[in-house]
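Each chain, written out:
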Amino acid sequence: LFRSTPTAKQKMIIYSAHDTTIAGLHIALNIFNGLMPPYAACHIFELYQEGNGQYSIDMFYRNVTGAEPFRLSLPSCQAPCLLEQFTKLVSPIIPKDRMKECGISDSNKGIIAGLGFAFGLMVIICIILVCLLCRHKSPRTLYQDV
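All of the points below concern the structure found in this document. Bear in mind that the values here come from a model prediction, so they are computed numbers and not experimental data. (Residues numbered from 1 in each chain as written. Predicted model: local features only at pLDDT ≥ 70, side-chain atom pairs only at ≥ 80, totals over all residues. Heavy atoms only, no water.)

1. Here's the deal with the overall build of the chain
Of regular secondary structure, the chain possesses four helices and four strands. Going residue by residue from the N terminus, the α and β elements of the chain occur as α-β-β-β-β-α-α-α. Out of the 146 residues belonging to the chain, those deemed buried represent 14%. When the accessible area of the chain is evaluated, it comes to approximately 12,400 Å², of which 61% is carbon and sulfur surface. (Helix = DSSP H or I, 4+ residues; strand = E, 2+ residues; numbered from the N terminus. Buried < 20%, exposed > 50% of the residue type's maximum accessible area, 1.4 Å probe, protein only. Areas by Shrake-Rupley, 256 points an atom, 1.4 Å probe, with all protein chains shown as cover.)

As structure tokens, then:
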């Protein structure tokens, strides 16, 4: 679930998302209130190391700029939620095999590579055509004696 180690010096990770992404996150966590997040809303996850050495997760949601974020909790875990319990509760919504679950197969990679090659070839042909047009263009005269 987490890629950093407790000894890492990194203190904060910030991701940016659209309102629909935040709504999707809330739906996945089963905390969606039925209202689309407004502009500049944010969902905050805070990771703490408790005095006994265990880790806990606290979640906050800020949907207005004039007020402090309010605390969220998963339906089966009071805030702050122990990391072990949080991981167990969210594990069903985390893909185990993203390639398989998204329907991405090795045959699709060939199609994607072919489309990339075709697009690159089109760009090169367009550049050549533009260069040829610019080269064979007759000089313009803006003013002529009448």
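2. A short note on the nonpolar core
Counting 14 residues, the largest nonpolar core has Leu29, Met59, Leu74 and Phe86 as the members making the most contacts within it. Contributions of two or more residues to this core are made by strand 2 (55-62) and helix 2 (83-90). Residues in contact with Leu29, not counting those within four places in the same chain, are His43, Phe45, Met59, Leu74, Pro75, Val90 and Ile93. (Core = buried A, V, L, I, M, F, W, Y, C linked by side-chain atoms within 4.5 Å. Contact = heavy atoms within 4.5 Å.)

3. Some words on the pattern of salt bridges
Enumeration according to the criterion identifies one salt bridge in this entry. Residues Arg71 and Asp58 are paired through a salt bridge, measuring 2.5 Å at the closest nitrogen-oxygen approach. On the criterion of sequence distance, the pair formed by Arg71 in strand 3 (residues 70-72) and Asp58 in strand 2 is long-range, its members being 13 residues apart. Accessibility expressed as a relative area gives 47% for Arg71, which makes it partly exposed. (Salt bridge = Lys/Arg side-chain N within 4 Å of Asp/Glu carboxyl O.)

4. Some thoughts on unusual backbone geometry
Here the amide bond leading from Ala79 into Pro80 is cis, since omega sits at -10 degrees, within 30 degrees of zero. Position of Pro80 among the secondary structure elements: in the loop between strand 3 and strand 4 (81-82). With phi around 60 degrees, Asn30 is a residue other than glycine that occupies positive phi space. Within the secondary structure, Asn30 is located in the loop between helix 1 (19-28) and strand 1 (42-49).

5. Points about the pairing of strand 1
Pairing analysis gives eight bridges linking strand 1 to strand 2, with the strands arranged antiparallel. Within strand 2, the position partnered with Cys42 by the bridge is Arg62. (Pairing = 2+ DSSP bridges.)

6. Notes on the side chain of Asp58
Judged by its relative accessible area of 4%, Asp58 is buried. Only 2.5 Å separates the side chain of Asp58 from the side chain of Arg71, close enough to count as a polar contact. Other than its neighbours up to four places away in sequence, Asp58 contacts Ile44, Phe45, Glu46, Tyr48, Arg71, Ala79 and Pro80. (Polar contact = N/O pair within 3.5 Å; in protein donor to acceptor, adjacent residues only side chain to side chain.)

7. Some words on helix 2
Those residues of helix 2 that sit buried are Leu83, Phe86 and Val90. Along helix 2, the residues classed as buried sweep out an arc of 60 degrees about the axis, all on the same side. Turned more than 90 degrees away from the buried face of helix 2 sit Glu84 and Lys88, all of them exposed. (Arc of directions from axis to C-beta.)

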